[in-house]
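Take a look at the letters that make up each chain.
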Amino acid sequence: MPHADDYAHALAELAQRSETTVAVAESLTAGRLCATFGAAPDSSTWFRGGLVAYSSEVKRTVLGVPDVPVVSRPAAEAMATGVRSLLNAVVAVAVTGAGGPDPQDGQPPGSVWFAIATEHDVRAWHHQFDGEPEDVLEQTTACAAEALLDTVRDLRSDRSPK
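Residues numbered from 1 in each chain as written. Predicted model: local features only at pLDDT ≥ 70, side-chain atom pairs only at ≥ 80, totals over all residues. Heavy atoms only, no water.

## Let's talk about the sheet that holds strand E2 (residues 47-52)
- What the five strands build is an open sheet, ordered E2-E1-E3-E4-E5; its pairing is mixed. Either end of the sheet is taken by a strand with one partner, and the two such strands are E2 and strand E5 (122-128). In this sheet, adjacent strand axes meet at a mean angle of 15 degrees when their direction is disregarded.
- Of the pairings in the sheet, the one linking strand E1 (residues 22-26) to E2 comprises five bridges and is parallel in character. Bridged to Val24 within E2 is Gly50. (Pairing = 2+ DSSP bridges. Helix = DSSP H or I, 4+ residues; strand = E, 2+ residues; numbered from the N terminus. Axes fitted to C-alpha atoms, helices over the stretch in contact; angles between N-to-C directions.)

Encoded structure:
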């Protein structure tokens, strides 16, 4: 099974080739996505940066998350849209969830919402991960990196001549 670093390396190559810039808004991963993308090849050319919004207040005031539970679809969508706009990126990914060991916002440990924002679309989905908090963080980081890679592939094919 590929790890986040594998996806990040593939993303680096594709993002550079397609001149696609990337931004991240993350909560439960507390900077892991930024570190993963920042360590990928030539990240300064395609990785715009990220915001670690661990606190609900930061999610609301900086990223424009509405007054909803922060472990939810609307929160993830607002985080992705907000960071994409703040950092002027082509595409942004956001993750928010309950890493564990305790529930958050009525969601069980391992409950994670993802969102990806582009110029034309915001797509969100939920995943329930198993394992200890460390396992949840690792799986969340890999899932977000894989989804971002898939999105950049899709964007690239959308821009290709038909």
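## A few points about helix H1 (residues 4-18)
- Its 15 residues place the ends of H1 20 Å apart at the C-alpha level, agreeing with the 21 Å of an ideal helix rising 1.5 Å per residue.
- Restricting attention to buried positions, one finds in H1 the residues Ala4, Tyr7, Ala8, Leu11, Ala12, Leu14, Ala15 and Ser18.
- Backbone geometry just after H1 places Glu19 at a positive phi near 55 degrees. (Expected span 1.5 Å × (residues − 1). Buried < 20%, exposed > 50% of the residue type's maximum accessible area, 1.4 Å probe, protein only.)

## Let's talk about the packing of aromatic side chains
- As enumerated under the stated definition, the model contains five aromatic pairs in all.
- Residues Phe114 and Phe129 carry aromatic rings whose centres are separated by 6.2 Å and whose planes lie at 80 degrees to one another, so their mutual orientation is edge-to-face. With Phe114 in strand E4 (residues 111-117) and Phe129 in the loop between E5 and helix H6 (133-159), this pair connects stretches of sequence that are 15 residues apart. Accessibility assignment for this pair places Phe114 and Phe129 in one class, buried.
- Three or more aromatic residues link up through ring pairs in this structure, and these residues are Phe37, Trp46 and Phe47. (Phe/Tyr/Trp six-rings, centres within 6.5 Å; stacked < 30°, edge-to-face > 60°.)

## Notes on the pattern of salt bridges
- Under the criterion given, the structure shown has four salt bridges.
- Between Arg17 and Glu13 there is a salt bridge, with the nearest N and O atoms lying 2.9 Å from each other. Placement of both Arg17 and Glu13 in helix H1 is noted, with a separation of four residues, approximately one turn of the helix.
- A relative accessible area of 48% means that Arg17 is categorised as partly exposed.
- Residue Arg32 is joined to Glu134 by a salt bridge in which the shortest nitrogen-to-oxygen separation is 2.7 Å. With Arg32 in helix H2 (residues 32-38) and Glu134 in helix H6, this residue pair connects regions lying 102 residues apart in the sequence.
- Classification of Arg32 by relative accessible area gives partly exposed; the value is 29%. (Salt bridge = Lys/Arg side-chain N within 4 Å of Asp/Glu carboxyl O.)

## Section: the pairing of E5
- Both E4 and E5 contribute to a ladder of seven bridges, which runs antiparallel. Within the sheet, the bridge partner assigned to Ala115 lies in E5 and is Ala124.
- Hairpin remark: E4 followed by E5, antiparallel, with four residues in the connecting loop.

## Structural notes on the environment of Trp125
- Structurally, the position occupied by Trp125 is in strand E5.
- Along the backbone, Trp125 and Phe114 are 11 residues apart, and their C-alpha atoms lie at a distance of 5.4 Å.
- The residues contacting Trp125, other than those within four sequence positions of it, are Val112, Trp113, Phe114, Ala115, Ile116, Cys143 and Ala147. (Contact = heavy atoms within 4.5 Å.)

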